[in-house]
Amino acid sequence: MKSILKLTLYCFFPLAILAAISTFSFAEEEKPQITTVQPTTTIRDYSFRASADLLLPYIDYNPADGFIGGLYLSGSDYLGNHQLQAIGGYGFKSGNAHLQAGYTYMRFWPAFGINLFQRYTYIENSNNTLGEDEEWFKEKGGDFLVSLPLGKHLRIDAMYTLKEVTDEYREYPGAPFKKYQQGAIGGSLVWDNVVYQEIGPISGAQFNIHGDFGEKKLGSDFYYRNYEGELRGYANYNFNNLWKYGKRLVFAMRLKGGYKKDDVLVFPLGGQDSLRGYGYHEFHGTRLALGNLELRYPLFEINHVVLPMDLFLAKRLDFAIFGDAGRVWNTGRLKPKDAEASVGAGLRFLMFMFGKIPLYHNFEISKSVTDSDRGARGFLSFGTMF
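Reading the values: rules and limits
- The residue count restarts for each chain, going from 1 along the sequence in the order it is written.
- Residue-level local features of this predicted model are given only where pLDDT is at least 70; pairs of side-chain atoms are given and counted only at 80 or more, and the full residue set underlies all totals for whole chains, interfaces and linings.
- Side-chain measures here rest on the full set of heavy atoms in the structure, leaving out hydrogens and waters.
- By convention a nonpolar core is built from buried Ala, Val, Leu, Ile, Met, Phe, Trp, Tyr and Cys residues, the set being connected through side-chain atoms within 4.5 Å.
- Here the term buried applies to any residue with accessible area under 20% of the maximum for its type, exposed to any over 50%, and partly exposed to those in between, with areas from a 1.4 Å probe on protein chains only.
- For this analysis, residues touch if any pair of their heavy atoms sits within 4.5 Å.
- Put simply, two rings from Phe, Tyr or Trp (the six-membered ring, in Trp's case) pair if the centres are within 6.5 Å, and we call them stacked under 30 degrees between planes, edge-to-face over 60, tilted for the rest.
- Strands here mean DSSP runs of E at least two residues long; helices mean DSSP runs of H or I at least four residues long; both are numbered from the N terminus.
- Over a ring means this: the NZ of a Lys or the CZ of an Arg is within 6 Å of the ring centre and within 35 degrees of the ring normal.
- By the convention used here, strands pair only if DSSP detects at least 2 bridges between them.
- Here, a salt bridge means any side-chain nitrogen of Lys or Arg that lies within 4 Å of a carboxyl oxygen of Asp or Glu.

S.K.: For this particular structure, what's the right way to read the nonpolar core?
M.R.: Grouped burial of nonpolar side chains is what soluble globular proteins tend to show. Residues Ile123, Phe137, Val165, Ala184, Phe222, Tyr224, Val264 and Leu265 constitute the largest nonpolar core, which totals eight residues. With residues near it in sequence (within four places) discarded, Val264 still touches Phe137, Val165, Tyr180, Gln182 and Phe222.

Right under this line is the structure:
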């Protein structure tokens with residue numbers, strides 16, 4: 001009996017141990033596997049990403065160029081260190097292409113930028129004859145800019161400009177164009193705290209004092225000086241505080257002055273961009289004084305889709321009354337009695353293409369108050385003058 005018991009133990013004990021080991025191994029395999037995430041010790045480099053912040057068609061008009069169709073582009077990278085702006089327009093009457101493109105690196109202060117341009121300035125009857133001579137000045141070149149902020153609203157801009165100026169008026173058929181190269185250093189002191197609403201400014205002030213100094217050492221064919229200053233101010237009163245349908249009345253003011261010495265380019269004056277009631281760039285000179293006053297008031301909100309698919313949204317109709325006074329001359333001091341002045345009024349129609357792209361049409365009429373022989377002038381413009 002004992003022999004049989006021993007035999008049983010000898011035979012089944014190893015089998016029991018083997019079964020226990022097998023069961024333990026199976027249980028280990030059935031346990032859920034837990035995966036741990038190792039902490040990241042490296043920082044992935046920033047990859048450059050850029051976008052077109054604004055890509056807008058635009059339209060402008062002046063009597064010399066006619067209608068100007070163009071495109072405006074503003075772009076930046078994801079962090080705002082790089083900024084690109086480009087604008088191009090073509091005058092259908094003059095055949096002139098106005099082009100400008102600029103890049104600014106804003107990662108550090110001061111910021112650095114470069115701006116390339118091709119622009120045209122029209123002067124009416126520049127040689128002071130009794131004929132209908134017209135003259136175009138073409139500027140082609142670029143600016144290198146350094147901008148240093150001094151505060152929230154104040155900054156200093158320093159720049160170097162190199163450009164070729166072509167006088168495209170010919171004294172007789174076949175005469176060569178006159179070309180000049182101008183190189184100058186310049187500086188501007190800029191203050192700007194203006195607040196905008198929809199299409200235009202409603203409060204605040206801005207001024208810009210600028211000077212250019214051209215020398216042969218800077219790449220210029222001749223010595224010249226150019227000084228300009230401009231002050232703009234805006235204030236408003238919301239008549240909604242007085243009655244239910246009241247709107248915001250905006251008071252806008254601009255003062256501008258300038259002085260040039262031995263510069264090829266002169267100051268033009270006249271037309272919808274400066275002195276309304278007079279011909280476009282009818283006057284010209286080396287000294288400039290100009291003042292503009294406007295009262296702008298929204299007549300009523302429209303908010304109506306003009307065409308299907310929201311192509312044009314008629315937003316608002318505004319009313320404006322204004323007064324302009326200014327003079328350009330070449331020698332001596334400014335005499336107020338010699339200044340030209342005009343008053344006028346107009347309607348301004350605000351629209352949006354696809355609900356986003358603003359179009360501001362001005363239909364205005366102005367009359368000289370210093371020259372009784374001049375009749376009233378009507379004109380079309382786009383956007384606000386200042």
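S.K.: Would you take a moment to explain the packing of aromatic side chains for this structure?
M.R.: For any pair of aromatic rings, geometry is given as the distance between the ring centres together with the angle between the planes. In this structure the tally under the stated criterion is 14 aromatic pairs. The interplanar angle of 85 degrees and the centroid separation of 6.2 Å between the aromatic rings of Tyr120 and Trp136 together place this pair among those described as edge-to-face. On the criterion of sequence distance, the pair formed by Tyr120 in strand E5 (residues 111-124) and Trp136 in strand E6 (residues 134-149) is long-range, its members being 16 residues apart. In terms of burial, Tyr120 and Trp136 fall into one category: buried. A network of ring pairs unites the aromatic residues Tyr120, Tyr122, Trp136 and Tyr280 as a single cluster. Of note, Arg119 hangs over the ring of Phe117, and the distance from its end group to the ring centre comes to 4.0 Å. Looking at Arg296, its charged tip hangs above the ring of Phe386, at a distance of 5.2 Å from the centre.

S.K.: How do you make sense of the pairing of strand E10 (residues 200-214) when you look at a structure like this?
M.R.: On any regular strand, side chains alternate: one points to one face of the sheet, the next to the other face. Bridge count between strand E8 (residues 178-192) and E10: nine bridges; the pairing is antiparallel. Residue Ile185 lies in a different strand from E10, and its bridge partner there is Phe213. Sheet topology note: the strand E9 (residues 195-197)/E10 ladder contains three bridges and is antiparallel. Looking across to E10, one finds that Gln197 is bridged to Gly200. What sits between the antiparallel neighbours E9 and E10 is a turn of two residues, in which Glu198 has the positive phi angle 55 degrees. In the sheet, E10 pairs with strand E11 (residues 224-238) via eleven bridges, with the strands oriented antiparallel. Within the sheet, the bridge partner assigned to Gly211 lies in E11 and is Tyr227.

S.K.: When you look at the pattern of salt bridges in this model, what are you seeing that I'm missing?
M.R.: Pairing between side chains of opposite charge can happen when their charged atoms approach one another. Overall, the coordinates contain 17 salt bridges when judged by the stated rule. With a shortest N-O distance of 3.9 Å, Lys261 and Asp262 are connected by a salt bridge. Taken together, the shared-partner salt bridges connect Arg276, Glu294, Arg296, Asp324, Arg348 and Glu364 into one network.

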